[in-house]
Amino acid sequence: WEAKAIREVFGDRTPVWGLKGFLSALGPAASVVELIGSLLAFQKRILPAMINCENPDPACGLLMHNRGVRGIAKPYMLKLNFTDIGQTAAVVLRR
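Residues numbered from 1 in each chain as written. Predicted model: local features only at pLDDT ≥ 70, side-chain atom pairs only at ≥ 80, totals over all residues. Heavy atoms only, no water.

1. What to know about the overall build of the chain
Then comes step 1: Helix and strand counts for the chain stand at three helices and six strands.
Then comes step 2: Secondary structure elements of the chain occur, N-terminal to C-terminal, as α-β-α-α-β-β-β-β-β.
Then comes step 3: Whereas a compact globule of 95 residues would reach a radius of gyration of roughly 12 Å, the chain reaches 13 Å, a difference of no more than 12%.
Then comes step 4: Over its C-alpha atoms, taken along the principal directions, the chain stretches across nearly 35 × 30 × 25 Å.
Then comes step 5: When the accessible surface of the chain is split by element, carbon and sulfur atoms take 59% of a total near 6900 Å².
Then comes step 6: Looking at charge distribution, the chain has the averaged site of its 12 positive side-chain charges lying 12 Å from that of its 7 negative ones. (Helix = DSSP H or I, 4+ residues; strand = E, 2+ residues; numbered from the N terminus. Rg over C-alpha atoms; globule rule 2.2 N^0.38 Å. Areas by Shrake-Rupley, 256 points an atom, 1.4 Å probe, with all protein chains shown as cover. Lys, Arg positive; Asp, Glu negative; His and termini not counted. Charge placed at Lys NZ, Arg CZ, Asp CG, Glu CD.)

See the structure below:
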């Protein structure tokens, strides 16, 4: 559902990046830790490559940023988080 929503709103060429491959499952702390990592990348205007995502599922249909460092030109970012029990949060930040 998440990938479908991202595709419908932003298209299939929007880079998608996550920290879970670096950090594993952090339980209740995951949202805060991932937000901090995302803010650091946003502040430095770079998008590091994800790890452990070398062969994303083509059915996902998103541009998984998994190679090299990519510059961030947009002045905003969207951070999404979901829990195993159905909690959802979305934060939009602007530089």
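2. Looking at the state of the cysteines
By definition, a disulfide links the sulfur atoms of two cysteines through a covalent bond.
Then comes step 1: Inspection of every chain in the model, using the stated rule, returns zero disulfides.
Then comes step 2: Counting only cysteine sulfurs, cysteine 60 is the nearest neighbor of cysteine 53, a cysteine outside any disulfide, at a range of 8.2 Å. (Disulfide = S-S within 2.5 Å.)

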